[in-house]
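# Fold and contact review
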Amino acid sequence: MILSISGVVLLGIIVFLFFKKDGLKASHALVAALFGFYLASTAIAPSIKAGGESLASLLGGIKF
C-alpha cells in the first residue's frame with residue numbers, strides 16, 4: 001500500500017493533536033493505529049524498527 005509522505009505527516013499531526021487536546025479515546029486510538037500502519041509502509045520503517053530494537057536491547061541490558 002502506497003501512501004505519500006504528506007498523508008503520513010497529516011495523520012501524525014492529527015494523532016499529536018488528539019493526544020495533546022483530549023487524551024486517548026477509542027477514535028483517537030484508531031487514528032493512531034492507522035498512522036502506524038501507513039508509517040510501516042514508508043521508507044523510514046526500517047530505521048524505526050532498528051531504533052526500537054536498539055532501545056529494547058538497551059533496556060534489556062539494564063541490571064537491577
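As annotated in an unreviewed UniProt entry, the chain is Cytoplasmic membrane protein FsxA from Streptomyces plumbiresistens.

Feature annotation in UniProt assigns "transmembrane region" (unreviewed entry) to the following positions: residues 29-48. Secondary structure over residues 29-48 splits into 80% helix and 0% strand, and the C-alpha atoms at its two ends are 20 Å apart.

This brings us to the environment of Ala 32. Positionally, Ala 32 belongs in helix H2 (residues 26-40). Judged by its relative accessible area of 24%, Ala 32 falls in the partly exposed class. Taking C-alpha positions, Ala 32 is 7.8 Å from Gly 12, a pair spaced 20 residues apart along the chain.

What follows is about a nonpolar patch on the surface. The grouping of Leu 55, Leu 58, Leu 59, Ile 62 and Phe 64 at the surface amounts to a nonpolar patch, some 620 Å² of accessible area in total. Looking at where Phe 64 falls in the secondary structure, it is placed in the segment after helix H3 (45-60).

With that settled, the discussion passes to the environment of Phe 18. When you line up the elements, Phe 18 lands in helix H1 (residues 5-22). Through-space distance from the C-alpha of Phe 18 to that of Ala 32 is 9.3 Å; in sequence the pair is 14 residues apart. When near neighbours in sequence (up to four residues on either side) are disregarded, Phe 18 contacts Gly 23, His 28 and Val 31.

Turning next to the environment of Ala 29. Among the structural elements, Ala 29 can be located in helix H2. Through-space distance from the C-alpha of Ala 29 to that of Phe 18 is 9.3 Å; in sequence the pair is eleven residues apart.

Cut-off values and rules
Residues numbered from 1 in each chain as written. Predicted model: local features only at pLDDT ≥ 70, side-chain atom pairs only at ≥ 80, totals over all residues. Heavy atoms only, no water. UniProt positions renumbered as here; feature names shortened; annotations may be inferred. Helix = DSSP H or I, 4+ residues; strand = E, 2+ residues; numbered from the N terminus. Buried < 20%, exposed > 50% of the residue type's maximum accessible area, 1.4 Å probe, protein only. Patch = residues over 30% accessible without salt bridge, like charges linked within 9 Å, V, L, I, M, F, W, Y side chains within 5 Å. Areas by Shrake-Rupley, 256 points an atom, 1.4 Å probe, with all protein chains shown as cover. Salt bridge = Lys/Arg side-chain N within 4 Å of Asp/Glu carboxyl O. Contact = heavy atoms within 4.5 Å.

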